[in-house]
Amino acid sequence: MFCMVHSLGLVGLQAYRIQVEVDTARGLPSFEIVGLPDTAVKESRDRVRAAVKNSGFAFPVSRITANLAPADIKKAGSVYDLPLFVGILRASGQLKADTDDCAFIGELSLRGDLRPVRGVLPMAIEARRQGYRALFVPAENAMEAGVVEGLEILPAATVKEVLDHLSKAALIAPYHSQLPPDDAIYPLDFADVKGQYLAKRAFEVAACGGHNILLMGPPGSGKSMLAKRLPGIMPPMTFAEKLSATMVHSIAGTLPPETALLSSRPFRAPHHTISAVGLAGGGSTPRPGEVSLASGGILFLDEFAEFKRSAIEVLRQPMEDGTVRINRGGVTVQYPCDILLVAAMNPCPCGWAGHPTRRCSCSPSAISRYLGRISGPVLDRIDIHLQLQPVDYDALASPLPAESSAQIRRRVVAGRQRQLDRQQQTGVSCNAKLPAGVLDTVCAMTEPAQQMLRGAFERMGLSARARDKLLKLSRTVADLDGSEQITGDHMAEVIQYRQLDRPDAGF
Ligand SMILES: Nc1ncnc2c1ncn2[C@@H]1O[C@H](COP(=O)(O)OP(=O)(O)OP(=O)(O)O)[C@@H](O)[C@H]1O
Ligand SMILES: [Mg+2]
Ligand SMILES: [Zn+2]
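Within any chain, residue numbers begin from 1 and follow the written order of that chain's sequence. Starting at A for chains and at 1 for ligands, labels are handed out in the order in which the entities are written. The predicted origin of the model limits local features to residues at a pLDDT of at least 70 and limits the giving and counting of side-chain atom pairs to 80 or more, whereas totals for whole chains, interfaces and linings rest on all residues. Excluded from the side-chain calculations are hydrogens and water; all other atoms, namely the structure's heavy atoms, are used.

Student: Is there a simple way to think about the coordination of the zinc ion (ligand 3) in this case?
Tutor: Donor atoms (N, O, S) are those found within 2.8 Å of the metal centre, with the cutoff raised to 3.2 Å for Na, K and Ca; water is not part of the atom list, so apparent gaps in a site can occur. At the metal site, the zinc ion (ligand 3) is ligated by Cys-348 (SG), Cys-350 (SG), Cys-360 (SG) and Cys-362 (SG), and these contacts range over 2.1 to 2.4 Å. Geometry at the zinc ion (ligand 3) is tetrahedral, judged from its 4 donor atoms and the angles of 103 to 114° they form at the metal. In the primary structure, the donors to the zinc ion (ligand 3) are separated according to the pattern C-x1-C-x9-C-x1-C. Cys-362 sits in the buried class, given a relative accessible area of 18%. A four-donor site is classed as tetrahedral when every donor-metal-donor angle falls between 85 and 135 degrees; four donors are called square planar, and six octahedral, when trans pairs exceed 155 degrees and all remaining angles lie between 65 and 115, with any other arrangement labelled irregular. Buried residues are those whose accessible area, probed at 1.4 Å on protein chains only, stays under 20% of the maximum for their type, while exposed residues exceed 50% and partly exposed ones sit between those limits.

Laid out in structure tokens, this is it:
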């Protein structure tokens, strides 16, 4: 007998409809799965066989062929255990239920328990798009799947629960996720950072305009402290951003437990020994890399000069395009890469160059070799450079409370809104992404601002690219100020954010 059971598969972030066809025929008893299965699907055969026996059914003594269609999509993972199980029981006449309007995903244990699988959110979205009425999922994946509306999510802990539902012996209650409140709570607050007014202001500008930032400073100057607080002052995530971030983490298997939808901006801080594949993504079954896991939030590269050049260079294209494309065996998968990059480094190998009291022991050539390790093309994508000094004692000991993240964020949100209001004209959602072609139209400057820009250009020997950066940054500062025109004050502020453009900076 022949039957077909619906399921879903994934290539990158994209989910597809998969038909699990099962045919039982007379002949020597065997069980074959065809349709480009990988090893996980082959192992599925053993699990399904055991689960059928251990849940009180007879494994059919016939020639069983299961086909996962379409054959040209590479199947991975253990998602098809459950649909295969249902297919075998139906094809052998042991389950008399119509499953045409349902889809099934889930891994089985030998005993017949359902185990969670990855990528449930994109699969649930696709299941709704395909018009299925219901989707059976392992109980542990319920929260993630339950975000999708217009589709019954039926979570089950065992195959018995699935069968009881199908035979109407005991119905499973459809699951709906309680969506988290719109505004995430970030535990780390800028109020903890004493002094460092310029640095905090630079982070505010970065958060508002989406500008990448490079921090240079001696050990203990607060680089990590500042970077970790950045997600808390960024504008709230849009629903699309939450969905996209959740999908990536769902596929990577890094969704925190009990999470229906990620609602706080990711913060990823990979170690400097990370490989290019770890950073950008890839592998024989392509996995999202750190840039995609950070998408919608912050990628923090601490000890920036220590990263392998080959690893940093792969960031170029994804940062430019906003997506990572990974090609494997003729199939291209895409993952998002919408990150705010925060890079931090010491100013020299010993760390103390420029420190007010400690002495740097590095030779000038050692310093320039060290700075020379930073990839030029990636540096080109960083708008703000900041040299940090350790906080002075008076500021540290001051009892005055510093401004909180909530206060800073209010300004950021208002400033970002001005950028969104301009989106029709610019085509982009934040100033960091402004294309060169529109800069002169959207960056109207007062006379003093123009003079100041010209002065900086000539005095600091700026490149055309550095001028563009100053324009974008001053646009953001003016937006924070609620001003349509860029004034001399705005321009004066942002010139401080291009400290590595100085001819004496060593780059
Ligand atoms: N402005 C500040 N206000 C309050 N505490 C601070 C400040 N700056 C530094 N600290 C304290 O110093 C510690 C070290 O700071 P942090 O780890 O951010 O330094 P860093 O610049 O990242 O150093 P490294 O180069 O060693 O990584 C912080 O955990 C914090 O306790
Ligand atoms: Mg640090
Ligand atoms: Zn030094």
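Student: Is there a simple way to explain the domain arrangement of the chain in this structure?
Tutor: A common measure of how large an interface is: the accessible area buried when the components associate. The domain architecture assigned to the chain consists of domain 1 (2-166), domain 2 (190-424) and domain 3 (434-507). In this structure, domain 1 and domain 2 have C-alpha centres spaced 41 Å apart. Pairs of residues are marked as contacts when any of their non-hydrogen atoms sit within 4.5 Å. Each partner contributes residues to the interface: domain 1 has 15 residues there, and domain 2 has 21 residues. Counting the surface lost from both domain 1 and domain 2, the interface buries some 1400 Å², and carbon and sulfur atoms represent 71% of this. Whenever Lys or Arg places a side-chain nitrogen within 4 Å of a carboxyl oxygen from Asp or Glu, that contact is recorded as a salt bridge. Linking domain 1 with domain 2 are 0 salt bridges. Think of a polar contact as two N or O atoms within 3.5 Å of one another; within protein, one of them needs to be a possible hydrogen donor and the other a possible acceptor, and neighboring residues in sequence only count if both atoms come from side chains. Between the two partners, domain 1 and domain 2, sit 3 residue pairs in polar contact (both at pLDDT 80 or more). Numbering of helices and strands runs from the N terminus, with a helix taken as a DSSP run of H or I at least four residues long and a strand as a DSSP run of E at least two residues long. Listing elements by their share of the side of domain 1 that touches domain 2, those giving two or more residues are strand 1 (2-11), helix 3 (120-129) and helix 4 (142-145). For the side of domain 1 that touches domain 2, the element with the highest residue contribution is helix 3, accounting for 4 residues. Class assignment for the residues of the side of domain 1 that touches domain 2 results in 10 nonpolar, 2 polar and 3 charged. By convention here, the domain bounds are inherited from an automatic or database domain assignment. Defined in terms of a 1.4 Å probe, buried area is the accessible area two parts forfeit on being brought together, summed over both. Basically, the charged four are Asp, Glu, Lys and Arg, the nonpolar ten are Ala, Val, Leu, Ile, Met, Phe, Trp, Tyr, Cys and Pro, and anything else, Gly included, counts as polar.

Student: I tried to follow empty space enclosed by the protein on my own but got confused; where do I start?
Tutor: In this approach the atoms are scanned with a rolling probe the size of a water molecule, which exposes any empty space left behind. Put simply, the grid is 1 Å and covers the protein atoms alone, a cavity is a trapped set of points that fit a 1.4 Å probe, a pocket is an open set with protein on both sides within 12 Å along at least five of seven lines, and lining residues have an atom within 4 Å of a point. Grid points are joined across faces, edges and corners, and a volume is the space filled by probe spheres set on the points. In the structure shown here, the tally under the stated rule is 1 cavity of 30 Å³ or more. Phe-304, Ala-305, Phe-307, Arg-309, Ile-312, Arg-373, Ile-374 and Ser-375 together form the lining of the largest cavity.

Student: Just checking my understanding: could you explain the pattern of salt bridges for this structure?
Tutor: Side-chain pairs of opposite charge can arise where the charged atoms are in close proximity. On inspection of all chains with the given rule, the structure shows 31 salt bridges. The shortest N-O distance in the salt bridge between Arg-411 and Glu-204 comes to 2.8 Å. Placement of the pair is Arg-411 in helix 16 (residues 405-421) and Glu-204 in helix 6 (residues 197-209), with a sequence separation of 207 residues. A residue is classified by how much of its surface remains accessible, and Glu-204, at 3% relative accessible area, is buried. Note that Glu-306 is salt-bridged to Arg-373, the shortest N-O span being 3.6 Å.

Student: I keep staring at the nonpolar core and nothing clicks. Help me out?
Tutor: The tendency in soluble globular proteins is for nonpolar side chains to be buried side by side. Take the buried Ala, Val, Leu, Ile, Met, Phe, Trp, Tyr and Cys residues and link them wherever side-chain atoms come within 4.5 Å; each set so joined is a nonpolar core. Phe-85 and Leu-135 are the most contacted members of the largest nonpolar core, which has 98 residues in total. Here this core takes 7 residues from helix 2 (residues 81-91), the largest share from any one element. Three or more residues apiece are contributed to this core by two domains, here domain 1 (2-166) and domain 2 (190-424). Sequence-distant contacts of Phe-85, defined by excluding residues within four places in its chain, comprise Val-48, Ala-51, Val-52, Ser-55, Leu-108, Val-159 and Leu-163.

Student: Before we go on, may I ask you to explain the packing of helix 6 against helix 16 in this structure?
Tutor: For any two helices packed against each other, one specifies the crossing angle of their axes together with the interaxial distance. Fitting a line to C-alpha atoms yields each axis, with helices limited to the stretch in contact; the angle taken between N-to-C directions then spans 0 to 180 degrees. At a closest axis distance of 8 Å, the pairing of helix 6 and helix 16 adopts a crossing angle of 40°. Crossing of helix 6 against helix 16: the hand is right-handed. Residue-level contacts link Glu-204, Ala-207, Cys-208 and Gly-209 of helix 6 to Ile-408, Arg-411, Val-412, Gly-415, Arg-416 and Gln-419 of helix 16. Here the contact of helix 6 with helix 16 is composed, by residue class, of 4 nonpolar, 3 polar and 3 charged. Crossing handedness follows the turn of the near helix against the far one: under a right angle anticlockwise gives a left-handed crossing, and clockwise gives a right-handed one.

Student: I tried to follow the sheet that holds strand 18 (residues 384-387) on my own but got confused; where do I start?
Tutor: Backbone hydrogen bonds hold the strands of a sheet together, and the pairing may be parallel or antiparallel. Two strands qualify as a pair provided that DSSP identifies no fewer than 2 bridges between them. One open sheet accounts for 5 strands, arranged 11-14-17-10-18; its pairing is parallel. Across the chains shown, the open sheet's two edge strands, defined by having one partner strand only, are strand 11 (267-268) and strand 18. Note: strand 11 against strand 14 (residues 298-301), 2 bridges, orientation parallel. The residue bridging Phe-267 from the neighbouring strand is Ile-298, located in strand 14.

Student: Hey, could you run me through unusual backbone geometry in this one?
Tutor: With glycine set apart, most residues show a phi of negative sign, and most peptide bonds adopt trans. Across the junction of Ala-69 and Pro-70, the peptide omega takes the value 0°, indicating a cis bond. Looking at the element boundaries, Pro-70 is found in the loop between strand 4 (63-69) and helix 2. Backbone geometry at Gln-196 places phi at a positive 50°, although glycine is not the residue there. Structurally, the position occupied by Gln-196 is in the loop between helix 5 (159-166) and helix 6. Positive phi, normally seen in glycine, also occurs at Glu-303, with a value near 55°.

Student: What is the right way to look at the site of ligand 1 in this model?
Tutor: Taken together, the neighbourhood of ligand 1 is formed by 15 residues, with Lys-194, Gly-220, Lys-223, Ser-224 and Met-225 sitting nearest. Contacts to ligand 1 include Ser-224, whose side-chain N or O atom sits 2.8 Å from an oxygen atom. One nitrogen or oxygen atom from the main chain of Met-225 is found 2.8 Å from an oxygen atom belonging to ligand 1. Per-element accounting of the shell around ligand 1 gives the leading share, 3 residues, to helix 7 (residues 223-229). Residue classes in the shell around ligand 1 are distributed as 6 nonpolar, 6 polar and 3 charged. Distances are taken per atom, and a residue is near a molecule or strand as soon as one of its heavy atoms is within 4 Å of it.

Student: Looking at this model, I keep getting lost on the packing of aromatic side chains. Mind explaining?
Tutor: To describe a pair of aromatic rings, one takes the distance between the centres and the angle between the planes. Within 6.5 Å between ring centres, the rings of Phe, Tyr and Trp (the latter by its six-membered ring) count as paired, and their orientation is classed by plane angle as stacked under 30 degrees, edge-to-face over 60, tilted in between. Evaluated as defined, the whole model comprises 4 aromatic pairs. Between Phe-31 and Phe-59 the ring centres are 5.6 Å apart and the planes differ by 50°, which places this aromatic pair in the tilted class. Of this pair, Phe-31 sits in strand 3 (residues 30-34) while Phe-59 sits in the loop between helix 1 (39-54) and strand 4; the two residues are 28 residues apart in sequence, bridging distant segments of the chain. In this structure, Phe-31 and Phe-59 share a single accessibility class: buried. Summarising the aromatic geometry, the rings of Phe-190 and Phe-203 are spaced 6.2 Å apart at their centres and angled 55° between planes, so their arrangement reads as tilted. Taken together, the residues Phe-190 in the loop between helix 5 and helix 6 and Phe-203 in helix 6 connect sequence positions 13 residues apart. No difference in accessibility class separates Phe-190 from Phe-203, as the two residues are buried. A cation over a ring is seen here: Arg-49 above Phe-59, with NZ or CZ 4.9 Å from the ring centre. Only Lys NZ and Arg CZ are tested; either one counts as a charge over a ring when it is within 6 Å of the ring centre and within 35 degrees of the ring normal.

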